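Fold and contact review
Listed below, chain by chain, are the residues.
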Amino acid sequence: MAMRRFLQRSPLLLTDQNGFTNTKFIKSIAVSTLSPTSDTLKISEEISCFLRKNNWKTTIASSHVPSKLNPDVVCAVLHQNQVGDPKRLLDFFYWSQSQMGVPQFLDSFSILAVKLCNSNHLGLANEILTQMIRSHYSSSSILDSIFFLFRNYEGSSALVFDLLIDSYRRMRMLDDAANVFFVAKNDSILISLTRCNSLLKDLLKCGNMKLFWKIYDGMLDAKMGFDVKTYATLVNALCKTGDLMGAKRLLIEMEEKGLNPNEFIYGMVIERMCQVGDINEAIELKRYMGKRGLVPNYDIIIVGLSRAKRMNEAKLTVEEMQKMGLKPKYNTCSALIDGFMREGNIDEVLRIRDVMVSCDIPINLIPYNAVIHGLCKFGKLEKAAAVLEGMVALGCKPNSQTFCSLIEGYCREHNISQALEHLHEMEKRSLVPRAVTYGAMINELCRCKDLSLATKLLEKMTSSGLKPNVIVYSTLIKGYADEGRIEEARRLLDEMRCEGVAPDIFCYNAIISSLSKSGKMEEASTYLLEIQRWGLTPDAVTFGSFIIGYSKIGKMTEASKCFHDMLDHGFMPNNLLYTVLTNGYFKAGNLKEALSTFQHIQALGVPPDVQTCSVFIHGLLKNGRVQEALKVFSELQEKGLVPDVFTYSSLISGMCKKGEVNKAFELHGEMCLKGIAPNIFIYNALIDGLCKSGDIQRARELFDGISKKGLEPDSVTYSTMIDGYCKSKNLDEAFSLFHEMPSKGLQPHSFVYNALVYGCCKEGEMEKAMNLFRDMLQKGFTTILSFNTLIDGFCKSCKLQEASQLLQEMIAKQIMPDHVTYTTLIDWHCKAGKMEEANLLFKEMPERNLIADTITYTSLMYGYNKVGQLSEVFALFKEMVAKGVKPDELTYSLVVYAHCKENNLVEAFKLRDEIVRKGMLTKGAIHNLLIFSLCKREDLSEASKLLDEMRELGLKPSLAVCSILVCSFFQAGKMDEATQVFEGVKSLGLVPDTTSLVDFVNGNLNDRDSEDARNLIKQLV
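What you see is a predicted model; the values in this text were computed from it and never measured.

A word on the overall build of the protein chain
Looking only at helices and strands, the protein chain features 60 helices and zero strands. Its C-alpha radius of gyration of 50 Å places the protein chain more than 25% over the 31 Å reference for a compact globule of 1021 residues. Look at the contacts in the protein chain between residues 6 or more apart in sequence, and 61% of them connect residues 24 or more apart. For the protein chain, the exposed area adds up to about 49,500 Å²; of that, 52% sits on carbon and sulfur atoms. Each charge class in the protein chain was averaged separately, 118 positive and 120 negative side chains, and the resulting centres sit 6 Å apart.

Concerning unusual backbone geometry
With phi around 65°, asparagine 120 is a residue other than glycine that occupies positive phi space. Among the structural elements, asparagine 120 can be located in the loop between α7 (106–118) and α8 (122–134). With a relative accessible area of 53%, asparagine 120 lands in the exposed category. Of note in this structure, arginine 172 is not a glycine but carries a positive phi near 60°. Residue placement: arginine 172 occurs in the loop between α10 (159–170) and α11 (174–186).

Here we look at the packing of helix α56 (residues 959–971) against helix α57 (residues 975–987)
With their axes 7 Å apart at the nearest point, α56 and α57 run at an angle of 160° to one another. Put simply, α56 runs roughly antiparallel to α57. As α56 runs across α57, the sense of the crossing is left-handed. Contact residues: α56 offers Leu959, Cys962, Leu965, Val966, Phe969 and Phe970, while α57 offers Met975, Glu977, Ala978, Val981, Phe982 and Val985. Class assignment of the residues belonging to the contact of α56 with α57 gives a composition of eleven nonpolar, no polar and one charged.

Remarks on a positive patch on the surface
On the surface, a cluster of positive charge is made up of Lys517, Lys552, Lys587, Lys622 and Lys657. Within the element layout of this structure, lysine 657 appears in helix α38 (residues 645–657). Lysine 657 gets classed as exposed once you look at its relative accessible area, which sits at 68%.

Examining helix α49 (residues 835–847)
Here α49 is 13 residues long and its end C-alpha atoms lie 19 Å apart, about the 18 Å a rise of 1.5 Å per residue gives. Along its buried surface, α49 packs onto α47 (800–812), α48 (819–831), α50 (854–867) and α51 (870–882). Count one or two residues on from α49 and you reach asparagine 849, which has phi positive near 60°.

Some words on the state of the cysteines
Here, the word disulfide means a covalent bond between the sulfur atoms of two cysteines. Using the criterion set out here, one finds zero disulfides in the structure. This cysteine, cysteine 798, is not joined by any disulfide, and cysteine 795 carries the nearest cysteine sulfur, 9.1 Å off.

Brief notes about the nonpolar core
Judged by nonpolar contacts, the single largest core of 202 residues is most densely connected at Ile652 and Leu790. It is helix α40 (residues 680–692) that contributes the most residues to this core, eight residues altogether. With near-sequence residues (within four places) excluded, leucine 790 lies in contact with Val757, Cys761, Met766, Ala769, Met770, Phe773 and Leu806. Listed in part, the 116 residues of the second largest apolar core include Val160, Ile283, Ile301 and Ile361.

Digging into the packing of helix α45 (residues 766–779) against helix α46 (residues 784–796)
α46 packs onto α45 with a crossing angle of 160° between their chain directions and a minimal axis gap of 11 Å. Judged by the inter-axis angle, α45 sits roughly antiparallel to α46. Crossing geometry of α45 relative to α46 is assigned as left-handed. Facing α45, whose interface residues are Met766, Ala769, Met770, Phe773, Met776 and Leu777, α46 presents Ser786, Phe787, Leu790, Gly793 and Phe794. Residues that form the contact of α45 with α46 fall into these classes: nine nonpolar, two polar and no charged.

A short note on a nonpolar patch on the surface
Together, Val295, Met324 and Leu326 line one region of the surface with nonpolar side chains, adding up to about 210 Å² of accessible area. Here methionine 324 shows up in the loop between α19 (311–323) and α20 (330–343). Using a relative accessible area of 44% as the deciding quantity, one classes methionine 324 as partly exposed.

Quick look at the packing of aromatic side chains
Under the definition given, this model contains 24 aromatic pairs. Between phenylalanine 93 and phenylalanine 109, the ring centres sit 5.1 Å apart and the planes meet at 75°, which makes this aromatic pair edge-to-face. One end of the pair, phenylalanine 93, is in helix α6 (residues 86–100); the other, phenylalanine 109, is in helix α7, with 16 residues separating them in the sequence. Each member of the pair, phenylalanine 93 as well as phenylalanine 109, is classed as buried.

With respect to a negative patch on the surface
Together, Asp732, Glu763, Glu765 and Glu767 give the surface a local cluster of negative charge. Take glutamate 763: it is sitting in the loop between α44 (750–762) and α45.

Some words on the environment of glycine 989
With respect to the helices and strands, glycine 989 occurs in the loop between α57 and α58 (997–1005). Between the C-alpha atom of glycine 989 and that of glutamate 914, which follows or precedes it by 75 residues, the distance is 30 Å.

Here we look at the side chain of threonine 59
Mapped onto the elements, threonine 59 comes out in helix α3 (residues 56–61). Judged by its relative accessible area of 17%, threonine 59 is buried. A distance of 3.0 Å separates a polar side-chain atom of threonine 59 from the backbone oxygen of asparagine 55. Excluding its chain neighbours within four sequence positions, the residues that come into contact with threonine 59 are Phe50 and Lys53.

Section: the pattern of salt bridges
Across all of its chains, the model carries 37 salt bridges by this definition. One salt bridge connects aspartate 221 with lysine 185, and the closest N-O pair in it is separated by 2.7 Å. Pair noted here: aspartate 221 is in helix α13 (residues 209–221) and lysine 185 is in helix α11, with a separation of 36 residues, a long-range link. For lysine 185, a relative accessible area of 16% gives the class buried. In this structure, the salt-bridge partner of glutamate 313 is arginine 310, at a minimum N-O distance of 2.8 Å.

Structural notes on α19
If you check α19, its first and last C-alpha atoms are 18 Å apart, about what 13 residues at 1.5 Å a residue would give, namely 18 Å. Here α19 has its buried residues at Met311, Ala314, Thr317, Val318 and Met321. Each buried residue of α19 sits inside an arc of 115° when the element is viewed along its axis, so together they form one side. Exposed side of α19, more than 90 degrees from the buried face: Asn312 and Lys323 are the residues found there.

So, the environment of tyrosine 137
Residue position: tyrosine 137 is located in the loop between α8 and α9 (139–152). By relative accessible area, tyrosine 137 is classed as buried at 10%. Sequence spacing of tyrosine 137 and phenylalanine 264 is 127 residues, and the spatial spacing of their C-alpha atoms is 41 Å. At 2.8 Å, the side chain of tyrosine 137 forms a polar contact with the backbone oxygen of glutamine 104.

Comments concerning the confidence of the model for the protein chain
Looking at the protein chain, the pLDDT average stands at 81 and 91% of residues meet or exceed 70. Across the protein chain, the element-wise mean pLDDT spans from 31 in helix α1 (residues 2–8) up to 90 in α50. Predicted confidence for residues 1–31 stays below pLDDT 50, and this span has 76 contacts to residues more than four positions away or in other chains. The model gives residues 1005–1021 a pLDDT under 50, and that stretch makes 30 contacts with residues more than four places away or in other chains.

Structural notes on the side chain of glutamate 889
In this structure, glutamate 889 sits in helix α52 (residues 889–901). A polar atom in the side chain of glutamate 889 sits 2.8 Å from the backbone nitrogen of lysine 923. Leave out the neighbours within four places in its chain, and glutamate 889 touches Ile915, Met920, Leu921, Thr922, Lys923 and Ile926.

Observations concerning the environment of lysine 834
Turning to its location among the elements, lysine 834 is positioned in the loop between α48 and α49. You can call lysine 834 partly exposed: its relative accessible area is 37%. Each C-alpha atom of the pair lysine 834 and valine 867 lies 9.1 Å from the other, and the pair is 33 residues apart in sequence. Among residues more than four places away in sequence, those in contact with lysine 834 are Leu800 and His829.

The rules behind each value
Counting restarts for each chain, with residues numbered from 1 along the sequence as it is written. Reporting of local features is limited, given that this is a predicted model, to residues whose pLDDT is at least 70; pairs of side-chain atoms are given and counted only at 80 or more, and all residues count toward the totals for whole chains, interfaces and linings. To obtain the side-chain values, all non-hydrogen atoms of the structure were included, while hydrogens and water were left out. Helix numbers and strand numbers start at the N terminus; a helix is a DSSP run of H or I with at least 4 residues, a strand a run of E with at least 2. When we talk radius of gyration, it's over C-alpha atoms, and the globule rule is simply 2.2 Å times the number of residues to the 0.38. When checking whether two residues touch, look at their non-hydrogen atoms; a contact exists if any pair is within 4.5 Å. All accessible-area figures derive from a Shrake-Rupley calculation using a 1.4 Å probe, and residue coverage is judged against the displayed protein chains alone. Charged-residue counts in this description rest on Lys and Arg as positive and Asp and Glu as negative, His and the chain ends being excluded. The atoms used to mark charge sites are NZ of Lys, CZ of Arg, CG of Asp and CD of Glu. Per-residue accessibility, obtained with a 1.4 Å probe over protein chains only, is compared with the maximum for each type, and a residue is labelled buried under 20%, exposed over 50%, and partly exposed between these values. Fitted lines through C-alpha atoms give the axes, limited to the stretch in contact for helices. The angle between two N-to-C directions lies from 0 to 180 degrees. Angular relationships are summarised with four words: roughly parallel below 35 degrees, roughly antiparallel beyond 145, roughly perpendicular across 65 to 115, and oblique for the angles in between. Should the near helix be turned anticlockwise from the far one by less than a right angle, the crossing is termed left-handed; should it be turned clockwise, right-handed. By the convention adopted, Pro, Cys, Tyr, Trp, Phe, Met, Ile, Leu, Val and Ala count as nonpolar, Lys, Arg, Asp and Glu as charged, and the other residues, Gly among them, as polar. Patch construction takes residues with relative accessible area above 30% that form no salt bridge. Like charges are linked within 9 Å, and nonpolar side chains (Val, Leu, Ile, Met, Phe, Trp, Tyr) are linked within 5 Å. By definition here, a salt bridge exists when the distance from a side-chain nitrogen of Lys or Arg to a carboxyl oxygen of Asp or Glu is within 4 Å. Working rule for helices: expected span equals 1.5 Å times residues minus one. Cysteine sulfur atoms that come within 2.5 Å of each other are treated as a disulfide pair. By nonpolar core is meant a set of buried Ala, Val, Leu, Ile, Met, Phe, Trp, Tyr and Cys residues that side-chain atoms within 4.5 Å join together. A pair of aromatic rings is counted whenever rings of Phe, Tyr or Trp (Trp by its six-membered ring) have centres within 6.5 Å, and the orientation is called stacked for planes under 30 degrees apart, edge-to-face for over 60 and tilted otherwise. Here a polar contact is taken to be a pair of N or O atoms separated by no more than 3.5 Å, where protein atoms must pair a possible hydrogen donor with a possible acceptor and residues adjacent in sequence count only if both atoms sit in side chains. Picture the helix axis, draw a direction to every C-beta atom, and the arc is the one those directions span. pLDDT is a residue-level measure of predictor confidence that goes from 0 to 100.

Quick look at the structure:
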C-alpha cells in the first residue's frame, strides 16, 4: 500500500522552482496505511452499521465495540464512508477520540477535511484543519496526507487547500501557507484569488517581501487573473519599498486590463510622491483622477504643497476642495498654518483659522503661540502661563513652539526650575524644543553648574538634528572644561570646526585650561599655536592656564618662562598665579624659588592674600620647616590678615604629622576662639595624631564629639579610627565602627578593609581576615597590600600552604606580587626549614622583574644556616655583594655565625672588623657569636678580651654567652677570671645581685649546651 501511495504522488511535490521543500514521503507518527486487517475491517463495518442509527452512541456504548476502538479502526470507518453523512462521521471522530485517549491518525483528519469540503461543510472543515495543525504534525506530513486523500476520492474539492492556507494564515504560519500554495500550484491545483490576495496582504503587513514577491511570481506563473484588491496590495507594496515607477506601471496595467484603479490606490501613489518630494507628479495624477470622475485625496496634496513651501498652490487647492463640498482635515489645516507662518502671512493664518471654525475643526494653537511669545518677550511670564492654562482647558493642545517661548522666557529670568518644569511637560507630550530653546537652557544650566543636565540637553539637541550655535558651544566647552571633562570639551571644539563655526578665544582658553589641569601640556601647546594661526591673541587666562599646568606637573622651568612671557605681554599676574607658582616650587622641592616667588609678590606691590600665605605655610610644613611656617603664620596675623580654615588645617595637620599633638590642639583652640569653625579635615588630622601617639581613648572622645560640632564623620574619620583600633589590638571596636559605616551612608573602602585585615592577622584571627578578604575580592578592593598582609598573617600562623595559595590566586587575578610578597614567603619558608620551596620562590623573582633586597638575602641565609647548608650562606653573601645589595648588621651576623660553625674564626673576625669600620655595629650579636665560638675552642683569654671590647663599644652581651664564659673559666679552675666576668654579669643586671658565683655556675654547668647557646642564632634574629 505504501508503494502505491508513493507511485500516486506527483513528482512536482519534491522541491519547486521557488525553493520550497514540499511534502516528504516519510510521514510523522499516527499515519494510517489505509490497508486494514480483516479484524479491523470487520469491526469498522459493524461500527458503520451502528452509525446509520440516530442513537448510535448509546448502541455502540452498550456493545463490545468501545474495547476494540483504536486509531486504525476509526480511520477505516472514515475511509469506507458507508454512513454517507460527513457530519456524523465528524461526531464519531470526536466521540472516538474521547473514548480512546490516544491520538487519531493524521489520515483520519485528512479524510474528514476532504469529505467535509466535498460536502461544502467549509466551517467544519476549517475546524478540523486547524486542529490538525495544532496536533503538531509537520506541514510536509499534513500536505502528504491531504494530497493523497484528495486524489483518492473522486470529485474532491480544491477548497481544502484554500482552507488549509487560511488556517495557516490565521495561525501566523505564513511560510507554511505559502508552501501549500506552491505545492498545489505544482500539482496543477489552482488556489482561489481571494486566498492569494489575503496571503499577499498578510505577507506585506509583516514585511516578508521576499516571500511576497515569490507568491506574486507564482500567481503570474499560474496565469491567475488579478482583481482590484490584488493590484491595491501590489501598489501598496511598491510604494512602501519606494518603487514609484513600478507603482505607476501597475496603474497603467490595470487600465489596460479594464480594471479601474480606485481612489484608495491613487491615494497611495500620490502620498508616496508627496513624501519623496515629487509634488508636480502628484498634482498631475490628481488632475488625471478628476478627469476620470474620481475625487482625489486633497489633504495629501495640500500637506505636500505646504511642506514644499508652495503655499499659493496649497491655498488654491483648499479653495478647489471647498468648492467640491469637502472639508480639510485637522492635519491639513496645521500644515497650511505652519506654511503661512513661515512666510509671515498672518492674514492667511487667520483665514485658515476661520475655515477650521466653520468646519468644526479644533482651532489650531498658532494664535495662542503668538500671544504667548509676545508675553514672554516682555517678561510677562505669569500671564503667558495663564494663557497656556486657558488653551489647554479649551482642549487646544500646546506644541513645541508654545513651550519653547515659555522656556526661553523663564531662562531669561533665571528661573531654571520653571523652565525645567515646562521641559518635562514637553517630554510628556513628546514635543521637541527648538535649537534656541536648547541654547537658552544649556546656558542657564551651565551658569547654575548643572552640567549633568546640560550635557543631556546637548545630546537631545544634536540627536534631534538641531545645530548648536557658537554661544552654546562656548558655554558648554567652558562647562566641560571646568569640570575636568577634557575629551568632551575637545570633541566640541572639533565639532565646531566641522560645522564651520569659528571658535573664539574663550573656547580655546577653556580647552587649554582643561588640558593644563590634566597635565597634558604638549596638547595644550598645540592649541596655543592654533590660536596664533587663527589670528587670536592669548590673554591673561591663556598664560595663567599654562602656568597652572606646568606647575602641576612639576615643570617649573616652563612655568617660570610662561610667567615672564605674561609679564612681557603686559598682563599682571594675580594672587592665584603666585599661589600656584609657590606651591609648584614647594612640590618640586625648590624652597629657594618658592621663597623668591613669595618675596616677588611683595616687590611688585601685590600683597599676598590669605590663600597665598596658607599655601606657603603648607609648603614649609611639608618640607619640615615647622618654625618658619609658624613665623609666616605670625607675620600673616601681624599684617591684619585673618587666617582661614585652610591655614589652620595646614598647621594642625603638619603638627600632627610631626607628632606635636599638643601644639595642634592649641591651634585648634585658637581658631575656635576666633570664630573659625574647624572642618572635618582638621578633626581627621587631630584624630590621626592621637591614634599615632597611642591615645586611642582621647581619639574616640574627639570622634564621638564631631556630631555636636555640626559636622558628620566622613570615610576618612572612620578609616582613621578603625586603623587606630586595629593597631591598638581592639578589634571589637574596629569592627563595631566598620559595621556602623553603611548606616551613616558611608561605604568602607580599600584602606578600611586593609586595616581590618592587618588587625585580624596581627591577632591571629585568620578566619575573620579571610572573610574580609573575600569581601574585598567581590568589591574589587584588593591590592598588593591586601594580599601581602594576608600572606604574612598566614605565615605567622604557620599556614604556609594557604599563604602560597594566595600567591597563586594573586597572580591569577593579575595583581602582580612585589618583592615584599616574595620576601615574606621566602622568610617564613626559611624559618620552617623548607629551603627548597624558599629557593624556588627566590628564583621566581627575576622572572617577574623583582629585585631581591637585603631582607630577602638575609632570610635565605638564616634558613640555610638553620639547615646547616653553610656553603649556600657564603654563596648568597657573595652574590648580594656582587649585585650591589648592601648587607646589614644581621646579614653580617649570619655570615659570621656560619664561619664560626665551620670553625673559621679568621674570616669571622675579618667580617667583624669590616662591620666596625662601616659603623654598622649597633648590637652585640656578632661579638656574642665570636665569644661563644672562642669558648668552644677554649680560647678563654680572647673570649674575655672580646667581652671587654663589647663594654667599651657600649654593647650588651647576652646572658647565654656570659654563662658559657663564666662556666668555662670555672671549669678551667680560673676562679679570678670567672669571678670577674660574673661580677660584670651582675653589674649589667643580667642576674639578681643576691646570686652567688657557685649558684650561677651550678645552674649552668648542667646546661653548657643549653637551648640559649644552641639556638643563639634564633635569639639574634
